[in-house]
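The primary structure of each chain is shown beneath.
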Amino acid sequence: MKITNNYTDHKVREWIYKRVAKSPNLYESMIKGTVFIKDLKYNSIIRNSIEQHYNSKNLPLFTHVFIETISRCNGRCSFCQVNIDADIRKFSLMSEETFLNIIQQLKKLNYQKILYFHRNNEALMDKRVYKFIQIARENLPNANIRLFTNGTLLNVEKFKSLTKYLTMLKINNYNDNLELNEPTKEIVNYCNNDSQYDNKVKISIRRETELLKNRASSYVNRKISFKLKSPCLYPFKQFNICASGKVVLCCNDAWEEEVLGDINHESMLDIWYGDKFKDIREKNIKGRDNIKICSSCDILHVPKTLRKN
């Protein structure tokens with residue numbers, strides 16, 4: 001099991017965090033500067049990658065599928081637009097029929113890439129998720145199945161049920177005192193000195209009041225806005241299915257603003273290679289300003305293969 005704490009693991013980072021924590025404007029300026037440099041460095045590299053590998057004539061299949069079976073979170077993270085106090089979404093619970101339809105389609109595609117059992121929610125609020133993950137593993141034996149959770153609904157028995165079928169479980173332990181919450185502490189004690197969890201379980205100690213990138217222009221606790229020149233790779237890699245069955249632009253489209261299809265009425269392939277997705281990709285390449293939720297988004301995903309350039 002790997003436990004990380006970005007506030008204390010790295011001395012330089014810890015020194016910076018301590019000094020900017022009392023000044024949100026300084027912290028935001030630091031984020032802006034970091035992303036600005038990254039944007040300058042990778043703009044042409046990302047564009048060349050899209051031209052070479054993601055052209056419309058030979059577009060690869062998605063490599064990241066997100067399934068959100070319940071449209072709710074029990075957290076109060078100040079940076080998140082779907083925290084329990086701010087969520088404006090209509091409650092949705094994915095039907096079992098819809099879920100099985102998704103898994104069967106992925107099975108026919110011999111899907112072996114990454115399958116997430118979360119999106120903008122706390123997946124463990126859906127008590128069926130344990131059974132759903134087992135079904136996914138039985139039908140997709142070679143898929144990389146992952147779940148991110150805040151861990152508050154976990155206990156040892158639930159943890160054992162999940163890790164039996166998951167490739168990776170990540171617990172984001174949100175605590176402003178940077179302490180392990182009680183359920184997470186229970187999991188740590190259980191896993192102590194058990195090597196089978198070394199690469200399967202990750203725990204990240206984080207603050208509920210962090211300042212993060214703005215996630216598709218949804219400024220929850222951010223004030224500074226700026227625009228990136230680099231196109232985003234998410235529309236070329238991600239397939240996001242909401243609890244309602246709607247397929248949306250990316251993992252940051254929490255409020256389902258850019259709906260590109262409906263899994264209840266269309267196949268995954270028809271949606272992925274359909275006109276709406278094609279239009280979004282073309283607009284994205286021309287400039288983020290062409291898509292409302294992307295216009296001020298400061299997420300810049302750079303795969304490891306491109307970072308080497």
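Quick caveat: nothing in here was measured; it's all calculated off a predicted structure. By convention here, each chain's residues receive numbers from 1 onward along its written sequence. Given that the model is predicted, a residue must reach a pLDDT of at least 70 before its local features are reported, and side-chain atom pairs must reach 80 or more before they are shown or counted; all residues, however, enter totals for whole chains, interfaces and linings. Excluded from the side-chain calculations are hydrogens and water; all other atoms, namely the structure's heavy atoms, are used.

A. Seen up close, the sheet that holds strand S5 (residues 168–174). The pairing criterion is simple: DSSP has to find at least two bridges between the two strands. Only DSSP runs of H or I covering at least 4 residues are called helices, and only runs of E covering at least 2 are called strands; the numbering of each starts at the N terminus. Taken in spatial order, the 9 strands line up as S1-S6-S5-S4-S3-S2-S7-S8-S9 in an open sheet, and their pairing is mixed. Each having just a single partner strand, strand S1 (2–5) and strand S9 (259–262) make up the two edges of the open sheet. Here the average twist between neighbouring strands, direction ignored, is 20°. Summarising the sheet, strand S3 (residues 114–116) and strand S4 (residues 144–149) pair through 3 bridges and their orientation is parallel. Note that in S4 the partner of isoleucine 114 across the bridge is asparagine 144. Contacts were defined at the residue level, with two residues in contact if any of their heavy atoms lie within 4.5 Å. Inter-axis angles, ranging from 0 to 180 degrees, are taken between N-to-C directions of lines fitted to C-alpha atoms, where helices are fitted over the stretch in contact. The strands touched by helix H6 (residues 182–191) within the sheet are S1, S5 and strand S6 (201–206), with S5 carrying the most contacts at an inclination of about 135°. Where helix H8 (residues 275–286) meets the sheet, its contacts fall on strand S7 (238–241), strand S8 (246–248) and S9, and the angle it forms with S9 comes to roughly 160°.

B. Focus on helix H2 (residues 24–53). Along H2, the sharpest change in direction is near 50° and occurs at tyrosine 42. Relative accessibility decides the category of a residue: with a 1.4 Å probe and only protein chains considered, values under 20% of the type maximum give buried, values over 50% give exposed, and everything between is partly exposed. The complete set of buried residues in H2 reads Tyr27, Glu28, Ile31, Val35, Asp39, Tyr42, Asn43, Ile45, Ile46, Ser49 and Ile50. In this scheme, the bend at a residue equals the angle between the axes fitted to the seven residues that finish there and the seven that begin there.

C. Structural context of the packing of helix H3 (residues 96–108) against helix H4 (residues 129–139). Remark: H3 packs on H4, axes separated minimally by 10 Å, with the N-to-C direction vectors making an angle of 20°. In this view, H3 runs roughly parallel relative to H4, as classed from their interaxial angle. Crossing hand, H3 versus H4: right-handed. Note on element contacts: H4 touches H3 through Lys131, Phe132, Ile135, Ala136 and Asn139, opposite Glu96, Phe99, Leu100, Ile103, Gln104 and Lys107. Each residue is assigned to one of three groups, with Ala, Val, Leu, Ile, Met, Phe, Trp, Tyr, Cys and Pro labelled nonpolar, Asp, Glu, Lys and Arg labelled charged, and all others, Gly among them, labelled polar. Grouping the amino acids of the contact of H3 with H4 by side-chain chemistry returns 6 nonpolar, 2 polar and 3 charged. Geometric relationships in this document are graded by angle, where less than 35 degrees denotes roughly parallel, more than 145 denotes roughly antiparallel, 65 to 115 denotes roughly perpendicular, and other angles denote oblique. Rotating anticlockwise by less than a right angle from the far helix to the near helix defines a left-handed crossing, while the corresponding clockwise rotation defines a right-handed one.

D. Region of the structure containing the packing of aromatic side chains. Each aromatic pair joins two rings of Phe, Tyr and Trp (for Trp, the six-membered one) with centres within 6.5 Å, and gets the label stacked for planes under 30 degrees apart, edge-to-face for over 60, and tilted for any other angle. All chains considered together, the criterion is met by 15 aromatic pairs. Judged by centre distance (5.6 Å) and plane angle (50°), the ring pair of tyrosine 54 and phenylalanine 236 falls under tilted. A residue pair is termed long-range when its members are at least 10 positions apart, and tyrosine 54 in the loop between H2 and strand S2 (64–67) and phenylalanine 236 in the loop between S6 and S7 qualify at 182 residues. Here tyrosine 54 matches phenylalanine 236 in class, with each residue buried. For the pair phenylalanine 239 and phenylalanine 277, a centre-to-centre distance of 6.5 Å together with 25° between the ring planes defines the contact as stacked. With phenylalanine 239 in strand S7 and phenylalanine 277 in helix H8, this pair connects stretches of sequence that are 38 residues apart.

E. Summary view of the pattern of salt bridges. By definition, a salt bridge exists where a carboxyl oxygen of Asp or Glu is found within 4 Å of a side-chain nitrogen of Lys or Arg. For the structure on display, the rule yields 12 salt bridges. Among the salt bridges present, the one from aspartate 126 reaches arginine 128, with a minimum N-O distance of 2.9 Å. Aspartate 126 sits in the buried class, given a relative accessible area of 3%. Across the pair glutamate 182 and lysine 185 runs a salt bridge, and its minimum N-O distance is 3.2 Å. Within this pair, glutamate 182 and its partner lysine 185 are both found in helix H6, separated by 3 residues, close to a single helical turn. Given the relative accessible area of 55%, glutamate 182 is considered exposed. Look at the salt bridges and you will find they share partners, linking Glu68, Arg72, Asp87, Arg89 and Arg119 into a network.

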